[in-house]
Amino acid sequence: MLNDRSSILSLLETRRSGKPRELVGPGPTPGELERMLTIAARTPDHGTLTPWRFVTVGDDQRNAFEALLQQALVEDDADAPAAKRQKEHDFAHFQGSLVVLVSAPVEDHKIPVWEQGLSCGAAGMNLLLAAHALGYIAGWVTGWRAYSERVRAAFCEPDERIAGFIFIGHAGRDVEERERPDLSQVWKPWQPPNL
Ligand SMILES: Cc1cc2nc3c(=O)[nH]c(=O)nc-3n(C[C@H](O)[C@H](O)[C@H](O)COP(=O)(O)O)c2cc1C
């Protein structure tokens, strides 16, 4: 039962992502993070396969995370300039909490992997909403790191992949609204085909 429908609608209508590099700490408390992940896990899932999971990177693990990224970078580009290495340092140490969303599809199942990927995306979206509802701002990014085999293997089982790095903190500055799709471009009544 929704006892405050307008504030729930307002939450849904105002959620926005933050740029991970602009977030400031602190991230959610352990209890808040658990609540966010519980909400994120409450996601449509055809066949109840749970084709996704979350891996948290602790604040005290950021140096190890950076070492992984630097190793992946050097394997990708042995001559990576200092600026690129600095970018990995910065990424690994973005403030707030880090949740790695892992897509964990069940292959060769009657539920298509496509649908399992959609469920994973829905779990990510639910996590963004849960963070917003608890007074945080979250940012979901991928980039080359999500597609690096070295990084993938550090978070995933063989048939899994990284769906995103989701940082959760507070806005370091006012978050401006961004342009949203014109509803008339993305919503049309169905026209039945001439059969
Ligand atoms: C799967 C996925 C990957 C994304 N990866 C990146 C990324 O690597 N870099 C980036 O700037 N934005 C990325 N974005 C976009 C941002 O997370 C976000 O959608 C955008 O900043 C605006 O978000 P908002 O509409 O929630 O405010 C990604 C979004 C999704 C869904």
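See above for the structure.
Residues numbered from 1 in each chain as written. Predicted model: local features only at pLDDT ≥ 70, side-chain atom pairs only at ≥ 80, totals over all residues. Heavy atoms only, no water.

**What about the pattern of salt bridges?**
Inspection of every chain in the model, using the stated rule, returns eight salt bridges. Where E22 meets R173, a salt bridge forms, and the shortest distance between an N and an O atom there is 3.3 Å. Pair noted here: E22 is in the loop between α1 (5–14) and β1 (23–24) and R173 is in the loop between β5 (161–171) and α8 (183–186), with a separation of 151 residues, a long-range link. Note on E22: relative accessible area 26%, which makes it partly exposed. The partly exposed category is assigned to R173, whose relative accessible area is 43%. Across the pair E149 and R152 runs a salt bridge whose closest N-O atoms are separated by 2.8 Å. (Salt bridge = Lys/Arg side-chain N within 4 Å of Asp/Glu carboxyl O. Helix = DSSP H or I, 4+ residues; strand = E, 2+ residues; numbered from the N terminus. Buried < 20%, exposed > 50% of the residue type's maximum accessible area, 1.4 Å probe, protein only.)

**Thoughts on the site of the ligand**
Around the ligand sit R15, R16, S17, W140, V141, T142, G143, R178 and R180, and that is every residue in its neighbourhood. One of the side-chain nitrogen or oxygen atoms of S17 is found 2.6 Å away from an oxygen atom of the ligand. Here an oxygen atom of the ligand sits 2.5 Å away from a polar atom, N or O, in the main chain of W140. Expressed as a share of its isolated accessible area of 630 Å², the protein-covered part of the ligand is 56%. Here the shell around the ligand is composed, by residue class, of two nonpolar, three polar and four charged. (Near = heavy atom within 4 Å. Polar contact = N/O pair within 3.5 Å; in protein donor to acceptor, adjacent residues only side chain to side chain. Areas by Shrake-Rupley, 256 points an atom, 1.4 Å probe, with all protein chains shown as cover. Nonpolar A, V, L, I, M, F, W, Y, C, P; charged D, E, K, R; others polar.)

**Comments concerning the packing of helix α3 (residues 62–76) against helix α4 (residues 82–92)**
With their axes 8 Å apart at the nearest point, α3 and α4 run at an angle of 150 degrees to one another. In terms of orientation, α3 and α4 fall into the roughly antiparallel class. Regarding α3 and α4, the two cross each other, and that crossing is right-handed. Along its contact with α3, which presents R62, F65, E66, L69, Q70 and L73, the element α4 presents K84, R85, E88, H89, F91 and A92. Its residues assigned to classes, the contact of α3 with α4 comprises five nonpolar, two polar and five charged. (Axes fitted to C-alpha atoms, helices over the stretch in contact; angles between N-to-C directions. Parallel < 35°, antiparallel > 145°, perpendicular 65-115°, else oblique. Left-handed = near helix turned anticlockwise from the far one by under 90°. Contact = heavy atoms within 4.5 Å.)

**So, helix α5 (residues 113–133)**
Spanning 21 residues, α5 covers 30 Å between terminal C-alpha atoms, matching the ideal 30 Å at 1.5 Å per step. Looking at α5, one finds that the buried residues are Q116, S119, C120, A123, G124, N126, L127, L128, A130, A131 and H132. Tucked into the core, α5 has its buried residues touching α1, α2 (30–40), β2 (52–57), β3 (97–103), β4 (137–141) and β5. Just downstream of α5 lies G135, where phi reads positive at about 90 degrees. (Expected span 1.5 Å × (residues − 1).)

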